[in-house]
Amino acid sequence: MSLHKICLYLLMAGAAAAQTADLAGDYSGALGPLHLKLHLKNGANGVLEGTMDSPDQGASGLPCTNFKREGQNLSFDVPSVHGNWRGKISDDAKALTGTWSQGADIPLAFQRDEPAGKPSRVDGIWLGTLETGGPKLRVQVTVKSDASGKEHCALDSLDQGATGLPCDNVQFDGKKFSFDVPVVQGHYAGMLSDDGNQLTGTWRQLKELSLTMTRQKAAIAATQPEPPKFEPAMKAVAAADLKRVLDNDLSEALKKGALAPATRGGIAIGILQHGARHVFAYGPVQENSIFEIGSITKTFTGLILAQMVEKKKVKFDEPVRELLPAGTVAKPAGPEITLLDLATQHSGLPRMPDNFHPADMDNPYADYRAANLYEYISKHGVTKPANVGFAYSNLGLGLLGQALANCAGTSYPELLQREITGPLELHDTLVKLSPEQQKRFAQGYNAQHQAAHAWDLDALAGAGAIRSTAADMLTYLAAQLHPEKTPDSLSQAIPLSHELRADVAPGMKIALAWLYDEKTGNYWHNGATGGYSSYAYFNPKEDTAVVVLFNTTIGPTGSFADRVGKHIGERLTGKAAISLAE
């Protein structure tokens, strides 16, 4: 499950800093969950030059221009993302404290990187290849120790264009070397050879793969993905005519792209415009096929929270600790994580718990039980970090779903039926399928177009366990557009779930799990499991909603479901549309 590419816009919220000779060097900063790197140098005639990296999303070398320095004041632009940084330089030039502007002002400070101390035996540049069963992926790791002897590293996935992914928990003891890469939930553990030129070990990221890395003299540049291509704009297409337009726009994908016969990829699309519904399918799926919707589940969990608040069963500011079994976790001394923090991805919890060790990598969530979840929370605690920003967490929404089920004295699947799918008559939207529904359950495929096992979620069900059809999802989205037509308390709970409660990035906010794009007016979410991907949005001002369900997970070029959903939105509004050809 993932919030795929939400951060592609987020990542473009980094910045740079500047000066003359005393500013030249590397600086690190953070914008919410995004780590940023600023590289400054003195160019011709002493003019400051710089670039910025957003390593969490694989963006590097974004040019910084128009540096202006007056005394301790500094400013510069990042034209490629239409951004500007302005602020002050500390007396020792080790800190740059200021504001990043990209439609809205956000505090952004940089600290100069400490110079390396005496290199350790593991310091250097390492290169290896992961055999994934599909495309081979080159992995490059740069390791260096600071003045105190502490090890640091960054990982590049060269063939995916992802560079500078920050490491955490870097350990080097004797010959043992290990590190985590939190942004991708990866872990490496290996042994340094006697001659110090090879690391032999394993990379674990759901599956465990062998990874041997060899010392290199110089770093290799990453393959940068091509920027997306766009089809020319046309007059806004009515929903009733969109199937005809998509037949043409998807023609290349159906021949040799994501929907080509050899891929076995199939996609179901639902469109709702001014009350008129349209559902159609391409490839080896039917209009009534059932798909895993992945993280779109989170919006159902957010609505369950709103429903239970409306019924006065819980409160938004209620500590999650109080809905866990007695004695699970101690009350912290300061602020603690609330139900609202979990629903808005502002809890500070990591993306996944560190005791997540699947017995079956093809069905990784099946054996993560409530006892495992409580064990993790007991160890981690429920203290809410100071100045916590948006940080996408499957753990957080899974914990919310479990806590709400505890409060209701039932399971998450039963709570979902009681509060949402029952009242809305979503008969094909559920966690466990009936024998008849199992026959309509589309076979899912991984990124290499091999049959994938369905994912069964237990304690983290609230983060991504739901299966549904395009038609049922349209009914769900219709309720978002017109809550006044829904039964009983849902007519109040749905608007409550749409209230914007926190920032995600410039131009992006979050309600209860739903993300909101200020430019388009779309509430949206997407999702992915091992064999499926999905995208949905609704726009109250345009009285329009779209859902895309795909029987293939996210591939090397990103989420095809996302691209189709965005393409449809652009066709409906008469904008240039992102290309669907490979």
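Think of each chain on its own: its residues are numbered from 1, step by step along the sequence as written. Where totals are concerned, whole chains, interfaces and linings use all residues; where local detail is concerned, this predicted model gives features only for residues with pLDDT of at least 70, and gives and counts side-chain atom pairs only at 80 or more. Calculation of side-chain values draws on the structure's entire complement of heavy atoms; hydrogens and water are dropped beforehand.

### Some remarks on the side chain of arginine 563
Operational definition: Counting from the N terminus, the helices are DSSP H or I runs at least four residues long and the strands are E runs at least two residues long. We define a polar contact as two N or O atoms separated by no more than 3.5 Å, with the added condition that, inside protein, one atom must be a possible hydrogen donor and the other a possible acceptor, whereas residues neighbouring each other in sequence contribute only through side-chain atom pairs. Two residues qualify as a contact provided that any one of their heavy atoms is within 4.5 Å of a heavy atom in the partner residue.
Inspection of the secondary structure puts arginine 563 in helix 13 (residues 560–572). A polar side-chain atom of arginine 563 sits 3.2 Å from the main-chain carbonyl oxygen of alanine 581. Not counting chain neighbours up to four residues away, the residues in contact with arginine 563 comprise Thr557, Ile578, Ser579, Leu580, Ala581 and Glu582.

### Quick look at the sheet that holds strand 20 (residues 276–282)
Definition in use: Strands were regarded as paired on the criterion that DSSP finds at least two bridges between them. Axis definition: a line fitted to C-alpha atoms, limited for helices to the stretch in contact. Angles are taken between N-to-C directions and run from 0 to 180 degrees.
Read from one edge of the open sheet, eight strands run 20-19-30-29-28-27-26-25, paired in antiparallel fashion. At either margin of the open sheet sits one strand with a lone partner, and together these are strand 20 and strand 25 (502–505). Between one strand and the next, the sheet's axes are offset by a mean angle of 20°, whatever the strand orientation. Sitting on the sheet, helix 13 touches strand 19 (267–273), strand 28 (522–528), strand 29 (533–539) and strand 30 (544–550), and the angle it makes with strand 29 is about 25°.

### So, the environment of aspartate 26
Selection criterion: With a 1.4 Å probe rolled over the protein chains alone, any residue whose accessible area is under 20% of its type maximum counts as buried; one over 50% counts as exposed, and the rest are partly exposed.
Structurally, the position occupied by aspartate 26 is in strand 1 (residues 25–31). With relative accessibility at 35%, the residue aspartate 26 sits in the partly exposed group. C-alpha separation for the pair aspartate 26 and lysine 37, spaced eleven residues apart in sequence, amounts to 7.1 Å. With near-sequence residues (within four places) excluded, aspartate 26 lies in contact with Leu38, His39, Gln111, Arg112 and Asp113.

### Considerations on the pattern of salt bridges
Going by this rule: When a carboxyl oxygen of Asp or Glu lies within 4 Å of a side-chain nitrogen of Lys or Arg, that pair is called a salt bridge.
Counted by the stated rule, this structure contains 21 salt bridges. Across the pair lysine 175 and aspartate 194 runs a salt bridge, and its minimum N-O distance is 2.1 Å. With lysine 175 in the loop between strand 13 (168–173) and strand 14 (176–181) and aspartate 194 in the loop between strand 15 (186–192) and strand 16 (198–205), this residue pair connects regions lying 19 residues apart in the sequence. Taking the relative accessible area as the measure of exposure, lysine 175 reaches 35% and is therefore partly exposed. Two residues, arginine 467 and aspartate 456, come together in a salt bridge whose shortest N-O distance is 3.2 Å.

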